[in-house]
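Okay, here's what each chain looks like letter by letter:
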Amino acid sequence: MQLYVLELICIPLATWLVHKLVVKRLRNAYKSTSLAGPPSTSLLFGIRASDGLLRGDPNKMYEKWEKEYGSAFQVPGPFWTKQYVLLDPKALAHVFSRTPFGYTRPGAQMFLRIFGQGLLSAEGETHKRQRKALTPAFSNAAIRSLTSIFFDSAYKLKDVWDSEVQSSDANGAVIDVQQWMNKTSLDSIGLAGFGHDFHALDGERSEVQKVFDSFALAPAVGKFNGVITFIVTFLPGGLFMRLPLKRVKLFTRLAARIREVSEELWRKSKVEGGNDEKENKVRSAIGTLLKAESASTEWKIDVDEINELILAGYETTSITMTWALIELSRHPEKQERLRKELMESFSARDPTHDDFTSGLHYLDSVLRETLRLHPPVTQLIRTAEEDDILPLSMPLKNASGMPLNSISIPKGGQVVVPIRALNTSPTLWGPDALEFKPERWMDDESGLTEAARAIQGYHHLFTFGDGPRICIGRAFAGAEFKAVLSVLLRNYIFELRDGPQTPIETIMTILPRPKVAGEKGYAVPLRVRSTTST
Ligand code: HEM
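Residues numbered from 1 in each chain as written. Predicted model: local features only at pLDDT ≥ 70, side-chain atom pairs only at ≥ 80, totals over all residues. Heavy atoms only, no water.

> Would you mind going over the confidence of the model for the protein in detail, with residue names and values included?
Averaged over the protein, the pLDDT score is 83; the fraction of residues at 70 or greater is 78%. Within the protein, helix 18 (residues 361-373) carries the highest mean pLDDT (98), whereas helix 13 (residues 279-282) carries the lowest (48). In the predicted structure, residues 274-281 sits below a pLDDT of 50 and forms 14 contacts with residues beyond four places in sequence or in another chain. Prediction confidence for the complex, expressed as pTM and ipTM, is 0.89 and 0.99 respectively. (pLDDT = per-residue confidence, 0-100. Helix = DSSP H or I, 4+ residues; strand = E, 2+ residues; numbered from the N terminus. Contact = heavy atoms within 4.5 Å.)

Below is the structure:
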């Protein structure tokens, strides 16, 4: 009798396993193109357990493999799967044009579990509907009305730095700029996104900021990075959230804190923001939506949406502004060129939104070059929802050396978009691909190679993704970056404390952040002097 029960459990389980591990694998092997690529380093985890991917920067490995195998190659994934790494512009354009329907985001379940049903976790028709609802909040007109909020934050920052700089000697004050970019970004997203002041620039440390910081104090090191990638992409989100891991607990805490703030903001906005009386509430992204919502019964803005905007907008923008200050400190002549451009027309007043979008070309080039060299999101992964054929624009050979003009991907197959490797590939960007050269974007992108021009995305970059899921906050981030840098560059001169050759490393928090080598946490101490003291 006992044997009978055991059989009842074991036979279906074994059948399911055989189907999953053998039949599906054989079907996929038959339907997929076999590309060249690095060998597996672990029976169970494929190449994900290799030191280069786990402890190092995965993009360094992708750069190395691009040289060895070409513009598309395969890497062995966990449980005998494989992932296709794509650096071919035509193949990528195909994948992104089919998103969100042909290819889905494997981590979406995790976002859903942690942050609720927002844009990041939505797929298919739900995504389409939610995206349409949020779009007015990020339109040109909306960003134009938010620009003064970005300036308010920048000037608040200037007040604090002025007193530090004035009380320092002629060499200037040493300031950890990353901390201050965090505060500026958090206050800006609070005010411009939701009409809420986190008061980070006033010295208050909100609960949300405390949890974000705890990721930096307990960074993902060693095997953890790889294990997380493995779990997120292969287990259903529910299981991931039950894993007794420190980082999972941090994510849960972060979600809870953000949710507390979001619920409060949402409640306040509902009471005050749906009309014109409270002008500061309407002059925020959510204010715009609530105003529109009152005229429509089709959709409702939700707390989950607020959650995700804080998560998606805070760190990404802060990291980008920090990298720009590092690069400008490493290249004093480029810093001077930017200052000159700003001072020529804006020594007496601030630029407007129109000045940012149609003038100030060098500032725009510094933004693009920073986004190219230092994308805060360094890779995207997509799962094919059906069998597909990827067209190719660059010559490629399969694993047996035969020329290919397309790649077959089976349903369930995963493609990796190595954003940083793509943005810095010498094949696409030329021999100076790794150099910080805003000049390449000037004069109608005159310094771009033909190959780079063929790349789609945001100005030929995948830093914001591409297609229907392209970052909805890209103009928001761009306006904030430009407002903050235009104030800082007109008022201060920046240098790396220990000279332009100071080594910079990256450290994994939620996203990889820069840090000066040897510093605690993710500190980026720069020497800051007033422009009027020279
Ligand atoms: C430099 C700053 C930023 C970078 C580099 C960045 C990057 C990205 C990337 C790569 C994606 C696509 C993810 C994917 O396809 O899987 C994305 C999506 C998204 N971003 Fe950003 N982001 C930035 C700033 C912002 C800001 C300021 C906001 C909001 C205020 C924001 C809100 C979002 C949202 C809601 C999505 C999901 C869009 C969708 O799925 O339709 N981002 N971002």
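> Tell me about helix 16 (residues 332-346), and name the residues and values.
Under the 1.5 Å per step criterion, the end-to-end length of helix 16 is 20 Å for 15 residues, consistent within 8% with the ideal 21 Å. Here helix 16 has its buried residues at K334, Q335, L338, R339, E341, L342 and F346. When helix 16 is viewed along its axis, its buried side chains cluster within an angular range of 155 degrees and face the same direction. Exposed and oriented more than 90 degrees from the buried face of helix 16 are K340 and E344. (Expected span 1.5 Å × (residues − 1). Buried < 20%, exposed > 50% of the residue type's maximum accessible area, 1.4 Å probe, protein only. Arc of directions from axis to C-beta.)

> Account for the site of the ligand, naming residues and giving values.
The ligand sits among 26 residues. The nearest are R105, H127, R131, R382 and C471. Contacts to the ligand include R105, whose side-chain N or O atom sits 2.3 Å from an oxygen atom. In the model, an oxygen atom of the ligand is placed 2.5 Å from a nitrogen or oxygen of the R382 side chain. Where the shell around the ligand is concerned, the elements lending two or more residues are helix 6 (124-134), helix 15 (303-330), strand 5 (380-384) and helix 23 (474-491). The biggest single contributor to the shell around the ligand is helix 15, with 6 residues. Grouping the constituent residues of the shell around the ligand by class yields 14 nonpolar, 8 polar and 4 charged. (Near = heavy atom within 4 Å. Polar contact = N/O pair within 3.5 Å; in protein donor to acceptor, adjacent residues only side chain to side chain. Nonpolar A, V, L, I, M, F, W, Y, C, P; charged D, E, K, R; others polar.)

> Account for the environment of S163, naming residues and giving values.
Secondary-structure assignment places S163 in helix 7 (residues 140-166). Between the C-alpha atoms of S163 and A173, which are 10 residues apart in sequence, the distance is 9.7 Å. One polar contact links the side chain of S163 to the main-chain carbonyl oxygen of V160, over a distance of 2.9 Å.

> Got a sec to walk through the side chain of T320? Specific residues and values, please.
As for its placement among the helices and strands, T320 is situated in helix 15. A relative accessible area of 6% means that T320 is categorised as buried. If we skip the residues at most four places from it in the chain, T320 touches T370, L371, P376 and F481.

> If you had to explain the sheet that holds strand 9 (residues 492-496) to someone new, which residues and values would you point to?
With antiparallel pairing, 3 strands are arranged side by side in an open sheet as 4-12-9. Whereas interior strands pair on both sides, the edge strands pair on one side only; in this sheet they are strand 4 (173-176) and strand 9. The average undirected angle you get between the axes of adjacent strands in this sheet is 40 degrees. Here strand 4 runs beside strand 12 (residues 525-530); their pairing, made up of 4 bridges, is antiparallel. Within the sheet, the bridge partner assigned to I175 lies in strand 12 and is L526. (Pairing = 2+ DSSP bridges. Axes fitted to C-alpha atoms, helices over the stretch in contact; angles between N-to-C directions.)

> Can you break down the packing of helix 16 against helix 18 residue by residue, with the values?
Here helix 16 crosses helix 18 at 140 degrees, and the two axes come no closer than 8 Å. By the criterion of interaxial angle, the relationship of helix 16 to helix 18 is oblique. Between helix 16, through K334, R337, L338, E341 and L342, and helix 18, the contact on the second element is made entirely by H361, Y362, L363 and V366. Considering only residue class, the contact of helix 16 with helix 18 consists of 5 nonpolar, 1 polar and 3 charged. (Parallel < 35°, antiparallel > 145°, perpendicular 65-115°, else oblique.)

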